[in-house]
Amino acid sequence: MKIMKFGGTSVGKPERMHQVAQLITKDSDAKIVVLSALSGTTNALVAISDAIAGGDREAAKRKIDELEAHYRKFIPDLVIKEDARAKAGAIVTEHFEFLNIILRISFSEALNKDILAQGELMSTKLFSVYLEEQGIDHLLLPALEFMSIDGNEEPNLPAISNKLAQLLKQHSNKKMFITQGYICRNARGEVDNLKRGGSDYTASLIAAAANATVCEIWTDIDGMHNNDPRIVNKTLPIEQLSFDEAAELAYFGAKILHPTCIWPAQLNNVPVKLLNTMQPEAKGTTIQEEAGTVGVKAVAAKDGIIAIKIKSSRMLLAYGFLRKVFEVFEKYKTPIDMITTSEVAVSVTIDTDAHLDHIIKELEPFGHVEVEKEQSIVSIVGNEIAQTPDVLKRLFDTLSTIPVTMVSYGGSAHNISLLVPSEHRTKTLQLLNAGIFGL
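Residues numbered from 1 in each chain as written. Predicted model: local features only at pLDDT ≥ 70, side-chain atom pairs only at ≥ 80, totals over all residues. Heavy atoms only, no water.

- The name given to the chain in an unreviewed UniProt entry is Aspartokinase, and the organism recorded there is Filimonas zeae.
- Database annotation for the chain, UniProt heading Sequence similarities (unreviewed entry): "Belongs to the aspartokinase family." (UniProt positions renumbered as here; feature names shortened; annotations may be inferred.)

Structure (C-alpha cells):
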C-alpha cells in the first residue's frame, strides 16, 4: 500500500485532475489517494464563515454564489459525458444548498468546521466522477469514517489504524481508494479538521496507520530546496533528508511540508517523498531515517516571531526560576521556539501573540520584561552540523552585517537557529545562499 497526496494546486484545474488520474494509474500498486480542496476554495470558505460570524449574510451570500459559479465552470472541462456532468452537477448542487441553508442558521464553531469541510468533500467526489467516467476502478473512502482527533485535538492514531484496517478489509477487492485530506471527527463525533496544511498530516497519518511502503506528497515544487526560491534567485532541490532534518526545516519555515506530518511517518519508518505534479519525472526529495550526507543542507525562515526577555538579577539563579517562567507559557498553551540564558536574563521566542498580554502580566513579578515583535528565526539545517568544522565561523563571517539578536546552537545536532529583525530576513537568506552554498 502506498499513499499519494495531492495539494490544492495539483487539483485546482480540470486538466490538473486529469494529470493526477494519470499519475495514480501509472502502476498497479494498492494505494490511498489523499486530495486537498481545489486551490482557493478553503480561503473562500473561510471568508464565507467569517462573513456569517460577523453578521454580514449578504456578503456571505455573494461569496457563496461566486464560489458556486467557479465550480459550475469547472465541471464541463472535467468530464465529457452527459451522465457524468449530471452527477458532478448534483454534487455541486448538494454542497452549495448546504452552504445556502447555513445562512439561516445561528453561527457556531461547530458550524464553522462544517463549512470548512466542504472543499475536500467536493474535490474528492468530483474526482471520483472523473475516474468513473474513465473506467478507473476505485472506491471513495470518506475520511470522516476513520480520521479522528482526541479531546486535546491530537490525532488518535490507534483509533485511526483500527477503523482504517476494518474499512480496507471490507473492501479487499479494491486496490485504489480516494479520500479527503484535512477533515476528521473530533472527540464529540463532530466534523472537525487538522488545521491548515492538514492534508499533509492526513497523508502521513494514513501512511503510519496502513504501514505503507511510501508516502508521496505531490505539490507544484520539485522537492525541498536549500533555500526559499521566492526570495533568492538560485536554489537547488535536496535529494535526501533525514526525518529529523526535515522536521526542523518544516517547523522553521519551509512551506512545502507541514511540520506535523513528519512524526507519524517517522514513527513507522515510512519514507516520505516530495514530488512535483508539474514535473513528475523530477527526483524530488526523499525523507527517511538516514540523512545520506553530513553538513549544511538548507536554510529556512519563520516569520511572525516575538522575543521576550526577562531580566532578574536576584531570581535567575534561584532554584526553580526557569520552571516558573515556563509554567506561564504552558498555562497559555504557547510553545517556545528558542531560548537563551545569561546570569541576569532569560530570552525566549514565541510565534503567536494570542495570549501575549496575559503572559507578560504573569512574567512581570519575576523581573523586568522586554518584548520585541516583528522578528524572524532563520534556521540552518543539516546532518550533524554542530560538529561540522568551521560552520560557526563561516556563518558569522557571512552575516557580519546582520544584527543577530539570539543564537541557538547545540540543542540539536541538526540545527543552528538565529533570531534577526524581520526587516533583515530577506538579506539574511540571500547572504546565506552565497556564503554557505556558493549560489
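**A short note on the overall build of the chain**
Link 1 in the chain: Along the backbone of the chain there are 13 helices and 16 strands.
Link 2 in the chain: By the compact-globule yardstick of 22 Å for 439 residues, the chain fits well, its C-alpha radius of gyration being 24 Å.
Link 3 in the chain: Buried positions account for 53% of the 439 residues belonging to the chain.
Link 4 in the chain: For the chain, restricting intrachain contacts to residue pairs at least 6 apart in sequence, the fraction spanning at least 24 positions comes to 76%.
Link 5 in the chain: As displayed, the chain offers around 19,900 Å² of accessible surface, 50% of which is attributable to carbon and sulfur atoms.
Link 6 in the chain: For the chain, the distance from the average position of its 46 positive side-chain charges to the average position of its 55 negative side-chain charges is 1 Å. (Helix = DSSP H or I, 4+ residues; strand = E, 2+ residues; numbered from the N terminus. Rg over C-alpha atoms; globule rule 2.2 N^0.38 Å. Buried < 20%, exposed > 50% of the residue type's maximum accessible area, 1.4 Å probe, protein only. Contact = heavy atoms within 4.5 Å. Areas by Shrake-Rupley, 256 points an atom, 1.4 Å probe, with all protein chains shown as cover. Lys, Arg positive; Asp, Glu negative; His and termini not counted. Charge placed at Lys NZ, Arg CZ, Asp CG, Glu CD.)

**With respect to the packing of aromatic side chains**
Link 1 in the chain: All told, the structure shown has three aromatic pairs when counted by the stated rule.
Link 2 in the chain: Seen in terms of ring centroids, Phe6 and Trp218 are 5.8 Å apart; in terms of plane orientation they differ by 20 degrees. Their pairing is stacked. Separated by 212 residues along the polypeptide, Phe6 in strand β1 (residues 2–6) and Trp218 in strand β7 (residues 214–219) bring together distant segments of the chain. (Phe/Tyr/Trp six-rings, centres within 6.5 Å; stacked < 30°, edge-to-face > 60°.)

**Concerning unusual backbone geometry**
Link 1 in the chain: For Lys333, which is not glycine, the phi torsion reads 50 degrees and is therefore positive.
Link 2 in the chain: In this structure, Lys333 sits in the loop between α10 (321–331) and β12 (339–341).
Link 3 in the chain: At Glu374, a position not held by glycine, the phi torsion is positive, near 55 degrees.
Link 4 in the chain: By the secondary structure assignment, Glu374 is in strand β14 (residues 368–383).

**Digging into the packing of α10 against helix α11 (residues 356–363)**
Link 1 in the chain: It is the contact of α10 with α11, at a shortest axis distance of 10 Å, that shows an interaxial angle of 155 degrees. Here α11 runs roughly antiparallel to α10, going by the angle between their axes. The handedness of the crossing between α10 and α11 comes out as right-handed. Together, Val325, Val328, Phe329 and Lys331 of α10 and Ile359, Glu362 and Leu363 of α11 make up the contact between the two elements.
Link 2 in the chain: Residues that form the contact of α10 with α11 fall into these classes: five nonpolar, no polar and two charged. (Axes fitted to C-alpha atoms, helices over the stretch in contact; angles between N-to-C directions. Parallel < 35°, antiparallel > 145°, perpendicular 65-115°, else oblique. Left-handed = near helix turned anticlockwise from the far one by under 90°. Nonpolar A, V, L, I, M, F, W, Y, C, P; charged D, E, K, R; others polar.)

**Quick word on the pairing of strand β16 (residues 415–421)**
Link 1 in the chain: Most of β16 is tucked away: seven of the seven residues are buried.
Link 2 in the chain: In this sheet, β16 lies alongside β14 in antiparallel orientation, the contact comprising seven bridges. When the sheet's bridge partners are listed, Ser379 is paired in β16 with Ser417.
Link 3 in the chain: With five bridges connecting them, strand β15 (residues 406–412) and β16 associate as antiparallel partners. By the bridge assignment, Ser408 is partnered in β16 with Ser417.
Link 4 in the chain: In this antiparallel pair of consecutive strands, β15 and β16, the connection spans two residues. (Pairing = 2+ DSSP bridges.)

**Re the pattern of salt bridges**
Link 1 in the chain: Counted according to the given criterion, the structure contains 23 salt bridges.
Link 2 in the chain: Lys297 is the salt-bridge partner of Glu245, the closest N and O atoms lying 3.0 Å from each other. Of this pair, Glu245 sits in helix α8 (residues 243–251) while Lys297 sits in strand β11 (residues 295–311), and the two are 52 residues apart along the sequence. Exposure class is identical for Glu245 and Lys297. Each is buried.
Link 3 in the chain: The partner of Asp351 in a salt bridge is Lys302, and the shortest N-O contact between them spans 2.9 Å. Here Lys302 lies in strand β11 and Asp351 lies in the loop between β13 (345–350) and α11, a separation of 49 residues in the sequence.
Link 4 in the chain: By sharing partners, the salt bridges in this structure join Lys2, Asp27, Lys31 and Glu216 into a single network. (Salt bridge = Lys/Arg side-chain N within 4 Å of Asp/Glu carboxyl O.)

**Considerations on the nonpolar core**
Link 1 in the chain: Formed by 97 residues in total, the largest nonpolar core has its most connected members in Ile3, Phe6, Ile24, Phe127, Met147, Leu257 and Ile287.
Link 2 in the chain: Those residues in contact with Met147 that sit more than four places away from it in its chain are Ile160, Ile183, Cys184, Arg185, Leu194, Thr202, Leu205 and Ile206. (Core = buried A, V, L, I, M, F, W, Y, C linked by side-chain atoms within 4.5 Å.)

**A short note on the sheet that holds β15**
The pairing of strands in a sheet happens through backbone hydrogen bonds and is either parallel or antiparallel.
Link 1 in the chain: With antiparallel pairing, six strands are arranged side by side in an open sheet as β12-β13-β11-β14-β16-β15. Unpaired on one side and paired on the other, β12 and β15 mark the two borders of the sheet. Strand-to-strand twist in this sheet, taken as the mean axis angle between neighbours without regard to direction, amounts to 25 degrees.
Link 2 in the chain: The pairing of β12 with β13 spans three bridges and is classified as antiparallel. Across the sheet, the residue bridging to Thr340 is Ser347, located in β13.
Link 3 in the chain: Against the sheet, α10 contacts β11, β12 and β13, and its axis sits at roughly 20 degrees relative to β13.

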